[in-house]
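As a plain string of letters, each chain reads:
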Amino acid sequence: MLAKRFIGVAIVLFWCVMNALLIKRQFAAPPTPIALRATERITEAIEEWWGVYYRGEKIGYATQTIEPKSSGYKLRDYSELRLRLLGTNQTAATKVHMDVDAEWALEKFDFELRSGEVHFKASGRVAPGRLMVETYSAGHRAAREIPLTQRPYLLAALKPFVATQQLEEKKEYYFSTFDPATLSQQVTKVVIEGRETIRIGDLTEPALRVRQQFKGISVTSWLDGSGRTLKEESPAGLSMTRQSPAQAQQLGAARSVSLDLIGQTSIPVATPITDPGRKKLLKLRLSGIDPASFMLSAGRQQFSGGIVEVRREEMEKMVAVALPSQDKRLVSFLQPTPYLQSDNPAIRSLAAQIVASEKNAGKAALRIKDWVYRNIAKRPTISIPNALEVLHTRKGDCNEHAVLFNALARAAGIPAKTVVGVVYLRGAFYYHAWSEVWLGEWVSLDPVLNQFPADVTHVKFLEGDIDRQIDILRLIGNLKIEVLEGDKITN
C-alpha cells in the first residue's frame, strides 16, 4: 500500500514540471489580448540548447531552432527529461514543430510526447475563426474544432517575438496563446522588466529580463537581443541555462538522476494522523498560500480563518440516485473531452459490461472503482493522462486511474470529475489526484487507493482536467500544514 500511495504523487509533480518547462497556463480574467505587428525580423537561422535543472540537479535538456521562411518562421522544439521514480528510470520526450507567420502568430503545429509505451500526438492548423485539431493516442484518431477570436501564439514563439519588437519596458502585454499538450486556449501576461547582465558559465552576458505571469505564477527569462534564451527560472525550482549541444545532452554515465520528487515536495507535519481511514473529521491549519486562489470550501470541505475541516461523506445516508443522470446542471460532467473519451465505443462497451443492469448510481460507481483498482497496474507512468491510453496500457498512477474511472463513469451516465490536492501518508502530505462523482451531492472516490469515499486526509485544492494541474506549482515549497488535535480527531 505504501508503494501504491507513492506512485500517483510523483507523477502529479512530474506533469507539473513538464508543464512549467513548456510554460503554459491561463491567466485569470485577463484584459483583451493584443495582436502586434512585427517591426523587426529574424533573418538567419537560430539554434539554441539548454540544460534543464530541478532544484539545482540536472534532469534533462531542451533545444529549439528558428528558421526564417518567405512569410514567417519554422520553429522546432525538443525536450527530454529523465528521472528516477520508485526505483525505475523514466524518460519523457516532447517535440513541437510549428509554422508561424511574419507576426509570429500560429499557422499550424505538430506536438508529440513519447515515454515508454505512451505515444501521444496532436496536430492542428488555423482556419478563419477556428483551430482544426486532430489527436492520436492508443491507435485512436479524433478531430475537433476550437473557436478562435484571434490567431494565437504558441509559447515557444512568444519569447523571440517580444525580444525583437522593442516593446516598452514595465508595460503589461497580454497575448492569446494555445497549448498543444492540453489543447486549451490561454492568455499570457508579458512584462519587459529591464536590462541587466547575467553570468552564463564563464561569460557575462547583457540580457533583457522578461517575466511571464499566469494566476500568480511567474516565469522569468533572460534573453539576448535576438530573442535567444540565456536562462529561465520557473516555479518550484525548475530552471534552464544555455549550454553547448554537447553540454546540454550530458547527463552523466548513469543516464539517470537521483532526484526524488516525492521527498523534495512532501509537506511534513509534526503531529501524526493515526488510522486515517476510520476518521470522520479532520482539521488542518493551512499557511503560506493565498487560500482565495483554491477550492478549499466545496462539498465535504469547509475553510475559514486559515483552518480547513474535511468531513467524510456518510454513504449510508445518501439518497439513491438513478442512472443515467437527468440533471441538466450536470451535463458538462457527462460529456467527453479530448482526454476523457467517454463517447468512444471501447469505453462505452466496457462501462456497460461493468455496470450491467445496475441502476443505482452509487452502486454503479462502486463497481467501476473496483474494476479500475483491480485491472490497472499501479506503475509510474509519464504521460498526458487520457482514458483510451490507460485502457490500452492497463497501467498508471493516480492521474491514469482517475481519467479512466471518470470516462467510464460518464459513459455509464454518472457525472464525474478529477480533483487535485494532497493526501497524508506516514508523517507527511503528498500531492495527489482522485475523483468525485455526483450522487445527489459530490462524493469523493479514489480508484488508485481503493477508497469510496476517500479518507479525510484527501484535501482538495483544484478540480478539472490536466491543464489545471500546473496550479499545484503555486503550493510547492509554500504550503504549510498543521494537524489540529492529533489523535483526538473525531472517529
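Note that the structure is a prediction, hence the values are computed from the model and not measured. All residue numbers here refer to positions counted from 1 along the written sequence of the relevant chain. Given that this is a predicted model, residues contribute local features only at a pLDDT of at least 70 and side-chain atom pairs are listed and counted only at 80 or more, while totals for whole chains, interfaces and linings are drawn from all residues. Note that the side-chain values use all heavy atoms of the structure and ignore hydrogens as well as water.

1. Considering the overall build of the protein chain
Then, number 1: Every helix listed is a DSSP run of H or I at least four residues long, and every strand listed is a run of E at least two residues long, numbered separately from the N terminus. Scanning the protein chain from terminus to terminus reveals eight helices and 25 strands.
Then, number 2: For the protein chain, long-range pairs separated by at least 24 residues make up 62% of all intrachain contacts whose partners lie at least 6 apart in sequence.
Then, number 3: Accessible surface computed for the protein chain: about 20000 Å², of which carbon and sulfur atoms make up 48%. Any two residues having at least one pair of non-hydrogen atoms within 4.5 Å are treated as being in contact. Throughout, the Shrake-Rupley method with a 1.4 Å probe supplies accessible areas, and for residues the shown protein chains are the sole cover considered.

2. Focus on the packing of aromatic side chains
Then, number 1: Each Phe, Tyr or Trp ring, with Trp reduced to its six-membered ring, pairs with another whose centre is within 6.5 Å; inter-plane angles below 30 degrees give stacked pairs, above 60 give edge-to-face pairs, and intermediate values give tilted ones. In this structure the tally under the stated criterion is nine aromatic pairs.
Then, number 2: Relative to Tyr 339, the ring of Phe 120 lies with its centre 5.7 Å away and its plane at 50°, an arrangement referred to as tilted. Placement of Phe 120 in strand β6 (residues 118-127) and of Tyr 339 in the loop between β18 (307-311) and α5 (345-355) is noted, with a sequence separation of 219 residues between them.
Then, number 3: For each residue, the accessible area found with a 1.4 Å probe, counting protein chains only, is set against the maximum for its type, and the residue is called buried under 20%, exposed over 50%, and partly exposed in between. Exposure remark for Phe 120: the relative accessible area of 2% places this residue in the buried category.
Then, number 4: Aromatic ring contacts, followed pair by pair, group Trp 49, Tyr 61 and Tyr 78 into a single cluster.
Then, number 5: Just above the ring of Tyr 136 sits the side chain of Lys 121; from NZ or CZ to the centre is 5.8 Å.
Then, number 6: Only lysine NZ and arginine CZ atoms are considered, and such an atom sits over a ring when it is within 6 Å of the ring centre and within 35 degrees of the ring normal. Seen from the ring of Trp 442, Lys 417 lies directly overhead, with NZ or CZ sitting 4.0 Å from the centre.

3. Focus on the nonpolar core
Then, number 1: Residues Met 98, Trp 104, Phe 109, Phe 111, Leu 131, Phe 175 and Phe 178 are the most contacted members of the largest nonpolar core, which totals 39 residues.
Then, number 2: In this view, Phe 111 contacts Thr 94, Lys 95, Val 96, Phe 120, Lys 121, Ala 122, Pro 180, Ala 181 and Ile 384; residues no more than four positions away in its chain are not counted.
Then, number 3: Nonpolar core, defined: a set of buried Ala, Val, Leu, Ile, Met, Phe, Trp, Tyr and Cys residues in which side-chain atoms within 4.5 Å join the residues together. Leu 350, Trp 371, Ala 412 and Leu 439 belong to the second-largest nonpolar core, a separate cluster that totals 34 residues.

4. Structural notes on the side chain of His 401
Then, number 1: With respect to the helices and strands, His 401 occurs in helix α8 (residues 398-411).
Then, number 2: For this analysis, a polar contact is any N or O atom pair within 3.5 Å, provided that within protein one partner can donate a hydrogen and the other can accept it, and provided that sequence-adjacent residues contribute only side-chain to side-chain pairs. A distance of 2.8 Å separates the side chain of His 401 from the backbone oxygen of Asp 397, its partner in a polar contact.
Then, number 3: Here His 401 is in contact with Val 372, Ile 376, Ala 377, Lys 378, Gly 396, Pro 447 and Val 448, once residues within four sequence places are set aside.

5. As for the sheet that holds strand β17 (residues 301-304)
Then, number 1: Strands are labelled as partners when DSSP assigns at least two bridges between them. Strand order in the open sheet made by the four strands is β17-β18-β16-β25, with antiparallel pairing throughout. A single partner strand is all that each edge strand has here, and the edge strands are β17 and β25 (480-483). The sheet shows a mean angle of 25° between the axes of neighbouring strands, direction not considered.
Then, number 2: Across four bridges, the pairing between β17 and β18 is antiparallel. Considered in β18, the bridge of Gln 302 is made with Glu 309. Axis angles are defined between N-to-C directions and span 0 to 180 degrees, where every axis is a line fitted to C-alpha atoms and, for a helix, only to the segment in contact.

6. Describing the packing of helix α6 (residues 361-375) against α8
Then, number 1: Two elements in contact, α6 and α8, have axes separated by 10 Å at closest approach and are oriented at 145°. The interaxial crossing formed by α6 with α8 has right-handed handedness. Residues Ala 365, Ile 368, Lys 369, Trp 371 and Val 372 of α6 pack against His 401, Leu 404, Phe 405, Leu 408 and Ala 409 of α8.
Then, number 2: Asp, Glu, Lys and Arg are counted as charged, while Ala, Val, Leu, Ile, Met, Phe, Trp, Tyr, Cys and Pro are counted as nonpolar; the rest, among them Gly, fall into the polar class. Along the lines of polarity and charge, the residues of the contact of α6 with α8 split into eight nonpolar, one polar and one charged. Crossings are sorted by hand: turned counterclockwise from the far helix by less than a right angle, the near helix makes the crossing left-handed, and turned clockwise it makes it right-handed.

7. What to know about α5
Then, number 1: Among the residues making up α5, those that are buried are Ile 347, Leu 350, Ala 351, Ile 354 and Val 355. In an axial view of α5, the angular spread of the buried residues amounts to 120°, which keeps them on one side of the axis. Those residues of α5 that are exposed and aimed more than 90 degrees away from the buried face are Pro 345 and Gln 353.
Then, number 2: Considering only its buried residues, α5 is in contact with α6, α7 (387-393) and α8.
Then, number 3: A side-chain oxygen of the first residue of α5 lies 2.9 Å from the backbone nitrogen of Ala 346; this N-cap is Asn 344.
Then, number 4: Taken from the residues just after α5, Ala 356 is the one with a positive phi, measuring 55°. The arc under discussion is defined with respect to the helix axis, by the directions toward the C-beta atoms.

8. Comments concerning the pairing of strand β9 (residues 172-179)
Regular strands place their side chains on alternate faces of the sheet.
Then, number 1: A large share of β9 lies buried, amounting to seven of its eight residues.
Then, number 2: In the sheet, β9 pairs with strand β10 (residues 184-200) via eight bridges, with the strands oriented antiparallel. Directly across from Phe 178, in β10, lies its bridge partner Gln 185.

9. Comments concerning the environment of Leu 475
Then, number 1: In this fold, Leu 475 is placed in the loop between β24 (459-463) and β25.
Then, number 2: Given the relative accessible area of 0%, Leu 475 is considered buried.

10. Overview of the pattern of salt bridges
Then, number 1: Salt bridges are identified by distance alone: a Lys or Arg side-chain nitrogen within 4 Å of an Asp or Glu carboxyl oxygen. Evaluation of the coordinates by the stated rule reveals 28 salt bridges.
Then, number 2: The salt bridge involving Arg 209 is made with Glu 196; its shortest N-O contact spans 2.1 Å. Taken together, the positions of Arg 209 in strand β11 (residues 203-214) and Glu 196 in strand β10 put the pair 13 residues apart, joining distant regions of the chain.
Then, number 3: Glu 196 gets classed as partly exposed once you look at its relative accessible area, which sits at 28%.
Then, number 4: The partner of Lys 417 in a salt bridge is Glu 463, and the shortest N-O contact between them spans 3.0 Å.

11. Notes on the confidence of the model for the protein chain
Then, number 1: The predictor attaches a confidence to each residue, called pLDDT, with possible values from 0 through 100. Averaged over all residues, the pLDDT of the protein chain is 81; the fraction at 70 or higher stands at 82%.
Then, number 2: Of all the helices and strands in the protein chain, helix α1 (residues 2-22) carries the lowest mean pLDDT, 38, while α6 carries the highest, 97.
Then, number 3: Within the model, the stretch residues 253-257 combines pLDDT values under 50 with nine contacts to residues more than four positions away or in other chains.
Then, number 4: Here residues 486-491 scores under 50 on pLDDT; set against residues more than four positions off or in separate chains, the count is 15 contacts.

12. Here we look at the pairing of strand β8 (residues 140-147)
Then, number 1: Sheet topology places strand β7 (residues 130-137) next to β8; eight bridges connect them, and they run antiparallel. When the sheet's bridge partners are listed, Met 132 is paired in β8 with Glu 145.
Then, number 2: Where β7 folds back on β8, the antiparallel hairpin that results is connected by two residues, among which Ala 138 adopts a positive phi of roughly 55°.

13. Overview of unusual backbone geometry
Then, number 1: The peptide bond linking Leu 323 to Pro 324 adopts the cis configuration, its omega dihedral lying at -10°.
Then, number 2: Mapped onto the elements of the fold, Pro 324 is located in the loop between β18 and α5.
Then, number 3: Note the cis peptide between Phe 452 and Pro 453, where omega equals 0°.
Then, number 4: Locating Pro 453 in the fold gives a position in the loop between β23 (442-445) and β24.
Then, number 5: Notably, Asp 275 is not glycine yet its phi reads approximately 45°, a positive angle.
Then, number 6: Checked against the element boundaries, Asp 275 lands in the loop between β15 (267-268) and β16 (281-287).
Then, number 7: Residue class for Asp 275 comes out partly exposed when judged on its relative accessible area of 41%.

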